[in-house]
Amino acid sequence: MCQDYLTKHPKLVVSHRVVILQTIELIVGSRIEEISYPRIKSIISLASDEMTRSKEVVPDWQQAASNILVAVGNKHINDIMEEILSKFQPGVLPHFFVVQTLASLSDSNVYGMVPFLNAVLGTMLPMLCMAKQDNMKWVFSSALCHFSDSILEYLANLDKAPDPTVRKDTFSSEIYAAYDILFNNWLQSREPKIRLTVAEAVGSMSHLMASDKLEEQIPKLIPAMLSLYKKNSEHYIISKSLCQVLDASVNMGSRVLETQLDSLLVALHQQVCCPIDYSNPPTVKNHNEVLRCFSLLANSFPDRLVMFVLQKLENSNERSRMGSLAVLRHLINSSTSMMETKKLLILASIRQPMADHSNKVKKRVVQVISAMAHHGYLELEGGDLLVRFIVQHCALPDTIQRGQKPIDPEEVTNEALRTMCDNTLHLLTTTVGRLADVLWPMLLYYLTPPQFSNATSPLCKSLIVLGSKKRNNQEASFNIDFTHRGHGAPSLSLLSVLSVNIHPSADILWEKEIPPLLFLYQCIGVTLQQCYNKEVVKKQLQEILLTARHSDTIEREGVAMGIGLCANSHLEGTLAKLDEFGKSDAFKKSPSIFNLLKERNDVEIEKVKSTLILCYGQVALNAPPEQILNRIDHDILRCISKHFNTKDLTMKLSLIQSVGLIAKAISECVKRQGYVFSRKQELIAVMLDFIKAEPADTLRTPVRHLVMTTCANLMYPSLITVRSSNMVSFHNLGALLGRLSPRCSDPHPAVRTAAVDCIYTLLYIQFRQNLRACLHYLCLSLYAHMCLSVCVSLCVTISSPVCVCQQLTTLVFMLFEGLVDSQTNCCRAASVILNTLLKNRGAGLQELVTHTHTHTHTEMWMALGADPIIASQIMEMVMEKLVVMAPYVDRKESMMRAVTTKVATNQPLAVSHTRHCQHFRHPVLIMNPHIICRMCVTLGMFVFSCRAMAKHAGPRLPSIVECLCPCLNNIYECQRITVTAFFSELLNHHVVTELLLMDVLMNNMMERISDPCCTVRMLSVRGLGNIAVGSPEKVLLSDIVMYKYCTPHALSDNDDIRCASILLLGNLSKFGSGEPVFKDQIHNVLVSLLLHLVDPNPQVVKACKYAMRVCAPVVGSDQITAMFQNHLHEDKSLHYGEFINDLTKYLVRLSHTPI
């Protein structure tokens, strides 16, 4: 009916025709199976006629007709193509919507359309040259884009395709011919819409181009694509197309792509730093496409890409850091295998943005940490800092009041960042199972410090999840040792205090349950820990000491524990209060009538003194470890030592107990820091005197038992540090064991028996029956001729913690010699023992690694390097390790302290061993500049070898310099310093001029002048000065460089710097008489000098006058020179206004001269 109506009314208005055509499209789209074939043919004819009736483009009308053809084409593609191709003839420019319909058909019916595309492309190519109007260029570009996408989809699903023999090369020649026209002619169009459509088409076509053709075009194609970013405000299409080009290039293994890498990274980084407007979808799509570009480049150039991103993280610009963090997060998530070897480097680099003050940057950091958590970064050393960062920002305070809205819509408020961190912590707890052992019990440490108080809720929620899971699974790690430094009692005390706040019903229950577990004074001590009012703390301590029942033993200990716990947060105030109390009236004897109460008064004072002595011991035990060591001698032992001569039993027991507590405190502290306990012998002597004073007829007395415990505590710090020297009764135990151990597997039974007998005797003497059971098993194994069992038992015995490190060192060296024993069985035994020994006790020997290297590893390297082929392969592997491994990591000294120490990583450190090996100096290796550069940058050896290289390795220097240039941008200062020092010293030699290296070196020195590292800047200036020695003929050029360097400092805010820079400008100009380049520099700085003639600082004014007089001849005007010489004297005043007027007149007259 609709078709007939249109046929009968050929002059129907366009709007009505559009409605009828749209109706036909709906019917065809939904009921095409029910329409007869003759009717289909007539509909095709009608739609084709309606679409092309007007030669002008009428979008609504012609698009409606085109849509009918597309709908029919889904079922009857052959009939449609027959009709369309009749209006798509060679040599004749087709109707706009004929081309548009072909493009739409290739999208809607891929499998039906692709077989026709080869012929369509053959017909279309000549038409491209005929297209002069912009709309035709646009439609042809759009059609080529759709054709390429359809072909790619067809090739990706050949198993479903009607013709599985279709290959990419079927279309390659036609696609390349079309690309040639689009890229060379249309991409430069002034119309932005055409440029974007052409770019989109080129991206899709790149996958279908022959590999050699694409390789040929990459050096031109990628710069052209990057230039479009500046010409168009819409960037999504450009990024999408660039991503397709990179995908095609990476897939074919392009070799020239690396030459474009620097410009690609810079342009892509600028794009990823652009703000994302989530209400504008194209900006979000552009961001995602740019990230995909980084992923593609990471597959081919992982090292360069990661180094680029990490260097950008050092930039303090907010947008730059946000973009770099977005890339880093994407790489961690999308390129897991590639990032595996770079985890330590990333962990070290992420710390810089963690210190950024911007909440926007912090938000990106949290996202990166979340990604790192899912890929095993937080289990590594330094991962605890990332957890701390999350917890720290869970405790952020509010920044806006209720009801307020942030002014900046992009602003990240503290509330938003805090909520994000809360969610992230919960996510890590519930979804990343591998983090359970990292977070438990680490999160417990953040519950009590006041700076994390706002994070209590998310911390508790996470701990509940972790604890419940571990308890239900009966994991051993669920159990926490709360006896360490008395954690249990303070925890119960705090719960008792907070019971009402937790739940009203808890108060009654806990009142019955908790007091039996601890003293009330401990509760008070924990409460005072959390109090920040020093006056309140002081008052409460006074109250405790004055009101306590000192005669009650339990109460004395309770008072001491409470005051000790208070000292954990208020050490200074607690010690002051104890000292004040010790001098108070409580220790003075009050007179009584007829001295009747004298004996009772003395007893009471002794009890008070006992309480005070116990308090000092508990203060030592509970005070912060980093503060207490400096106070033990002066503030604690000084106060209790005055009572050592007491005869009172209570005071004597309190003194012994207090000394034991002090010894325990020292034992804990010396594990973390060095300390010489100078009064240890004195205290041990006092303890022995207490024992001697005990009655000889009774052995079991409270004093004897307590003294023995205290002496053990006093000896423990010494045992930690001097056990190796004091316990060994003969110095060569390690050497003897090292000689005898391999003989336990000797093939001769008599030798085995003798060896084990000797070892048994040695160890028995050394450890006094402590290892009798193990030694007994050792002997049984021997006599059963079980050589392997002997070795295993011996490993267990020697690896025992009782063995001391000094003896272990000697033992290890002796076992090394056993590795080359003449008996194979003995070699194996030495290997087994050595492996187990290093595995169990290797941590204690780590600081001896360098010493071990000098004795043994050098021989290993010499053996490996004897063969040049093997040496070359080894050096290749070494180079790969050096490129991807971080040279050092920042190791945190304590979980609760932010102090870090730089520690060399093992693998780059191990590489340094090759420098001792002559065999690795084979000519094949020496001539490789990459090996020389990487080794010297890592080891910092350039400065020492520069003169020799300049004298003997001249032909190799250009390659070496080329390899070193990228290292100047390295994130590690030590490597930048090494390379800059080398270049600086190289400029001291004339060989750089002969090898045409002067410009390269001087440009690099100029770039390093702005380096953030002061040492690098100093070395670069020194290098520019060295030009005068190495290449005197280049002194003028060096002066110009220095001149350019000094010019910005002439504008410095510092008066002294400004004055010195201006004087230097004048002095340098003496060397530039007659040189055009100097004239240009003088012209550039002339305005600044004129302005500084009225500088507030008189010294700067004098410097300007001097500089302008000296520079005047370079300006090129005799009149101006005379004017400067006459008026600009340091000691004469200047009428600035008249001077400027006269000078302006001269300049106007000389306007033909470029000033």
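None of the values given here were measured: they were computed from a predicted structure.

Now for the overall build of the protein chain. For the protein chain, the count of helices and strands is 59 helices and 2 strands. Sorting the 1155 residues of the protein chain into buried and exposed places 49% on the buried side. Contacts in the protein chain between residues far apart in sequence, at least 24 positions, make up 70% of those at least 6 positions apart. In the structure as shown, the protein chain presents an accessible area of about 57300 Å², 56% of it carried by carbon and sulfur atoms.

A few words on helix 9 (residues 169–186). For helix 9, with 18 residues, the first-to-last C-alpha span of 25 Å sits near the 26 Å given by 1.5 Å per residue. Along its length, helix 9 shows its largest kink, about 25°, at I175. Taken as a whole, helix 9 has its buried residues at F171, S172, E174, I175, Y176, A178, Y179, I181, L182, F183 and W186. On the buried face of helix 9, the contacting elements are helix 7 (110–130), helix 8 (134–156), helix 10 (192–206) and helix 11 (211–231).

Take the packing of helix 14 (residues 281–300) against helix 16 (residues 318–334) next. Viewed as axis vectors pointing N to C, helix 14 and helix 16 meet at an angle of 55°, and their least axial separation amounts to 10 Å. In terms of orientation, helix 14 lies oblique with respect to helix 16. Between helix 14 and helix 16 the crossing geometry is right-handed. Across the interface between the two elements, H287, L291, R292, F294, S295 and A298 from helix 14 touch A326, V327, H330, L331 and S334 from helix 16. Grouping the amino acids of the contact of helix 14 with helix 16 by side-chain chemistry returns 6 nonpolar, 4 polar and 1 charged.

Glancing now at the packing of helix 28 (residues 520–529) against helix 29 (residues 534–547). The N-to-C vectors of helix 28 and helix 29 enclose an angle of 165°; their axes lie 11 Å apart at closest approach. Between helix 28 and helix 29, the crossing angle belongs to the class labelled roughly antiparallel. As helix 28 packs across helix 29, the resulting crossing turns out to be left-handed. The residues of helix 29 that touch helix 28, namely those facing Y521, I524 and L528, are V537, Q540, L541 and I544. Of the residues assigned to the contact of helix 28 with helix 29, the class counts are 6 nonpolar, 1 polar and no charged.

Before going further, it helps to spend a moment on the packing of aromatic side chains. Within the structure shown, the criterion is met by 10 aromatic pairs. The interplanar angle of 10° and the centroid separation of 5.8 Å between the aromatic rings of W440 and F478 together place this pair among those described as stacked. Here W440, found in the loop between helix 23 (436–439) and helix 24 (456–472), pairs with F478, found in the loop between helix 24 and helix 25 (488–497); they are 38 residues apart in sequence, far enough to count as distant. Its relative accessible area of 25% is what places F478 among the partly exposed residues. One aromatic cluster is present, formed by F96, F97 and W138 through successive ring pairs.

With that settled, the discussion passes to helix 7. Look at helix 7: 28 Å from first C-alpha to last across 21 residues, which is about the 30 Å you get at 1.5 Å a residue. Remark: the principal bend of helix 7, roughly 45°, maps to L117. Within helix 7 the residues assigned to the buried category are V110, G112, M113, V114, L117, V120, L121, T123, M124, L125, M127 and L128. Looking at the buried positions of helix 7, the neighbouring elements they touch are helix 5 (77–86), helix 6 (96–108), helix 8 and helix 9.

The residue S320 is located in helix 16 in this model. Leaving out residues up to four positions away in the same chain, S320 has contacts with H269, C273, K312 and N315.

Right, let's get into the pattern of salt bridges. If you walk through the whole model with that rule in mind, you get 29 salt bridges. Measuring nitrogen to oxygen at the nearest pair gives 3.0 Å for the salt bridge that ties D821 to R743. Placement of the pair is D821 in the loop between helix 41 (805–818) and helix 42 (824–845) and R743 in the loop between helix 37 (733–740) and helix 38 (749–767), with a sequence separation of 78 residues. Each of R17, D49, E50 and R53 takes part in a single network of salt bridges with overlapping partners.

A few words on unusual backbone geometry. Comment: phi is negative for the bulk of residues other than glycine, and the bulk of peptide bonds are trans. Residue W440 is joined to P441 through a cis peptide bond whose omega torsion reads 5°. Structurally, the position occupied by P441 is in the loop between helix 23 and helix 24. A positive phi is found at Q474, a non-glycine position, where the angle reads about 55°. Position of Q474 relative to the elements: it lies in the loop between helix 24 and helix 25. Taking relative accessible area as the criterion, Q474 reaches 72% and is therefore assigned exposed.

Turning next to the nonpolar core. Counting residues in each nonpolar core, the largest one holds 169 residues, and the members touching the most others are M124, L128, L297 and L443. Top contributing element to this core by residue count: helix 7, with 10 residues. Each of domain 1 (1–87) and domain 2 (91–209) gives at least three residues to this core. Contacts of L443, omitting those with residues within four sequence positions, involve V387, V391, L425, L459, S462, L463 and L466. Formed by 54 residues, the second largest nonpolar core is a distinct cluster that contains I563, A663, I666 and V686.

A few words on the environment of L265. Turning to its location among the elements, L265 is positioned in helix 13 (residues 261–272). Put simply, L265 and C293 are 28 residues apart on the chain and 9.5 Å apart in space, counted from C-alpha to C-alpha.

In this section: the environment of N969. One can find N969 in the loop between helix 49 (957–964) and helix 50 (973–986). Taking the C-alpha atoms as reference, N969 lies 9.9 Å from E1007; in sequence the two are 38 residues apart. When near neighbours in sequence (up to four residues on either side) are disregarded, N969 contacts Q311, R976 and R1008.

This part covers the confidence of the model for the protein chain. Averaged over all residues, the pLDDT of the protein chain equals 79, while 76% of them reach at least 70. Residue range residues 720–729 is modelled with pLDDT below 50. Its contacts to residues more than four positions away, or to other chains, number 15 contacts.

Scoring rules and cut-offs
- Residues numbered from 1 in each chain as written.
- Predicted model: local features only at pLDDT ≥ 70, side-chain atom pairs only at ≥ 80, totals over all residues.
- Heavy atoms only, no water.
- Helix = DSSP H or I, 4+ residues; strand = E, 2+ residues; numbered from the N terminus.
- Buried < 20%, exposed > 50% of the residue type's maximum accessible area, 1.4 Å probe, protein only.
- Contact = heavy atoms within 4.5 Å.
- Areas by Shrake-Rupley, 256 points an atom, 1.4 Å probe, with all protein chains shown as cover.
- Expected span 1.5 Å × (residues − 1).
- Bend = angle between axes of the 7 residues up to and from the residue.
- Axes fitted to C-alpha atoms, helices over the stretch in contact; angles between N-to-C directions.
- Parallel < 35°, antiparallel > 145°, perpendicular 65-115°, else oblique.
- Left-handed = near helix turned anticlockwise from the far one by under 90°.
- Nonpolar A, V, L, I, M, F, W, Y, C, P; charged D, E, K, R; others polar.
- Phe/Tyr/Trp six-rings, centres within 6.5 Å; stacked < 30°, edge-to-face > 60°.
- Salt bridge = Lys/Arg side-chain N within 4 Å of Asp/Glu carboxyl O.
- Core = buried A, V, L, I, M, F, W, Y, C linked by side-chain atoms within 4.5 Å.
- Domains from an automatic or database assignment.
- pLDDT = per-residue confidence, 0-100.

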